[in-house]
Every structure is written in structure tokens, then in C-alpha cells.
Amino acid sequence: MTERRLTNRIRMLRFMADEMTQADLGAAIGVTRQTVAAIEQGKYSPTLETAFRIAEVFGKPLDEVFQWERES
Amino acid sequence: MVARERFAWIDLIGMILAYGFFFIAFLQSERTPLTLVILFAIATAIRLAIIAGGLLTLSAEGRAELWGKPDERDRAVTRRSGPAAYYVLLLAMIAIVFMAFYCDGITVATAGLAGLVAADIVRSAATVAGYRWGWRD
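Note that this is a predicted model, so its numbers are computed, not measured.

Before going further, it helps to examine the packing of aromatic side chains. Aromatic rings considered in pairs are described by the distance between their centres and by the relative angle of their planes. The tally for this structure, following the rule as stated, stands at 5 aromatic pairs over all chains. When the centroid spacing of 4.7 Å and the interplanar angle of 70 degrees are considered together, the rings of F22 of chain B and F23 of chain B count as edge-to-face. Residues F22 of chain B and F23 of chain B agree in their burial class; the two are buried. Put simply, the rings of Y19, F22, F23, F26 and F40 of chain B pair up and form one aromatic cluster. Above the plane of the ring of W68 of chain A lies R4 of chain A, whose end atom (NZ or CZ) is 4.6 Å from the centre.

Below is the structure:
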């Protein structure tokens, strides 16, 4: 089985959303700023529900926010 | 650093200091049941004092999230640190059952406390590791 990892574009999407802060995004989806930071850094994989909430905040489909890529 | 992570560090350091003192002091004493109980009570009081100090410090810093509802990452970290401690406790209890046939009561009691402390330290260390380095499923 090919090893895959979850990556995301949250940092870029926050930048494009008027430099939304991690705290603001956290408040919008119901997690702490540190949890948003951990998700951005790939240290924590969010639940499906939180992933959808993040996508909803940015008005993007889920696969534009999160990608499931093959590890190089 | 999230308040819950800081508290996990305080808990871990408090445990190592308090029960480190307990085992060093007890192994250097006459090893009577009364000494065991008194030293363990002192160590537990030290641990509680460190935890209380940590909570007061975090509250004074306005870290209100410590008292709030844990978010999903907090719950995931807690959920994952439990099983590690469980296996340590399980191994310790198996060892103690066998020790009961060959060792005196005070040694078995000390080993039992060591098992409990080791399991709690592993739980706390796993919590810290979960916050610091994360886990990838």
C-alpha cells in the first residue's frame, strides 16, 4: 500500500481571506488557535466534521483545502 | 503553548519530583510500612502543591481555556495517552502478582506504588508528547 499523508492549504487560504488569524479561524470552527496551528503544520489530522467546517469558512470544497498526497 | 499542554508539563514535572523524592527517601530509609505511608503522603502532598501552584499560575495568566470545554485535539490527546499507561500498569500488576510469591510485603507494596507512578508518568508524558509532536493516524 502506498504511504500517503494529509496536507492542507489553510495557511494560504487564511492569507487570501484578509490575513485571517489562526485564532479567528479557530473561533469560527470551535477549536483553539493552537489546534489550528497543529492542523496547518500537519501535526494533527482534524476530524471530518472540522475539515468540512474549515472548508465552509473559506467557501471552498473540501479537496481544495485538504489533499491526500503520496509521500515522496 | 496551549494551557492544557502547559498543565500537562506541570503535572509531569510535579510527578517526577514528588515521587522521585519518595522513592529515593524510602530506599534510603529503614523501609517500614509506616515510613512508606508517611513518605508517600508527603510525596502526594508535594505533587498536589505543584499542581495547585500550576493551576494558580495559569489562572493568573488569564489562561481561561484550561477551564473550558476541551476541543477535539485535547480529546484526541487524552484518548491516546490512556492506552500507553494502561499497558504499563498491566505489566506492573503482572510483575507484582509474581513478586507476591517471592518477596516480602513491603517490597510488593513498594513495587505496586512504583507501577502506579510509572503508569501515571507514562500517561502524562504521552499527553505532553501528543501536544508537542502530534500524532498522525
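Put simply, chain A has an average pLDDT of 90, and 96% of its residues get 70 or more. Within chain A, the lowest mean pLDDT, 86, falls on strand β1 (residues 4–8) of chain A, and the highest, 95, falls on helix α4 (residues 48–58) of chain A.

With 17 residues, the main nonpolar core has I10, L25, I54, F58, V65 and F66 of chain A as its most contacted residues. Secondary structure elements with two or more residues in this core: α1 (10–16), α2 (22–29), α3 (33–40) and α4 of chain A. Looking at which element gives the most residues to this core, the answer is α4 of chain A, with 4 residues. Residue contacts for L25 of chain A: discarding those within four places in its chain leaves I10, R14, M20, V36, V57 and F58 of chain A. Core analysis: the next-biggest nonpolar cluster, separate from the first, contains 12 residues, Y19, L36, I106 and V117 of chain B among them.

With that settled, the discussion passes to the pattern of salt bridges. Residues and elements named next belong to chain A. Inspection of the entire model under this criterion finds 10 salt bridges over all chains. With its nearest N and O atoms 2.5 Å apart, the salt bridge here joins E40 to R14. Taken as a pair, E40 in helix α3 and R14 in helix α1 lie far apart in primary sequence, 26 residues in all. For the pair shown, E40 and R14 are each scored as buried. As a salt-bridge pair, E64 and K60 come within 4.0 Å of each other at their nearest N and O atoms. Classification of E64 as partly exposed rests on a relative accessible area of 35%.

Right, let's get into the interface of chain A and chain B. You'll often see interface size given as the accessible area lost when the parts meet. Listed as interface residues are 14 residues of chain A and, on the opposing side, 11 residues of chain B. For the pair chain A and chain B, the two sides together bury roughly 1,200 Å², of which 41% comes from carbon and sulfur. On the chain A side of the contact with chain B, Q34, K43 and Y44 of chain A bury the most area, a combined 47% of that side's loss. On the surface where chain A and chain B come into contact, there are 0 salt bridges. Between the two partners, chain A and chain B, sit 6 residue pairs in polar contact (both at pLDDT 80 or more). Put simply, the parts of the chain that give the side of chain A that touches chain B at least two residues each are β1 and α3 of chain A. No other element matches the 3 residues that α3 of chain A contributes to the side of chain A that touches chain B.

What counts, and at which threshold
Residues numbered from 1 in each chain as written. Chains lettered and ligands numbered in written order. Predicted model: local features only at pLDDT ≥ 70, side-chain atom pairs only at ≥ 80, totals over all residues. Heavy atoms only, no water. Phe/Tyr/Trp six-rings, centres within 6.5 Å; stacked < 30°, edge-to-face > 60°. Buried < 20%, exposed > 50% of the residue type's maximum accessible area, 1.4 Å probe, protein only. Lys NZ or Arg CZ within 6 Å of the ring centre and 35° of its normal. pLDDT = per-residue confidence, 0-100. Helix = DSSP H or I, 4+ residues; strand = E, 2+ residues; numbered from the N terminus. Core = buried A, V, L, I, M, F, W, Y, C linked by side-chain atoms within 4.5 Å. Contact = heavy atoms within 4.5 Å. Salt bridge = Lys/Arg side-chain N within 4 Å of Asp/Glu carboxyl O. Buried area = accessible area lost by both parts, 1.4 Å probe. Polar contact = N/O pair within 3.5 Å; in protein donor to acceptor, adjacent residues only side chain to side chain.

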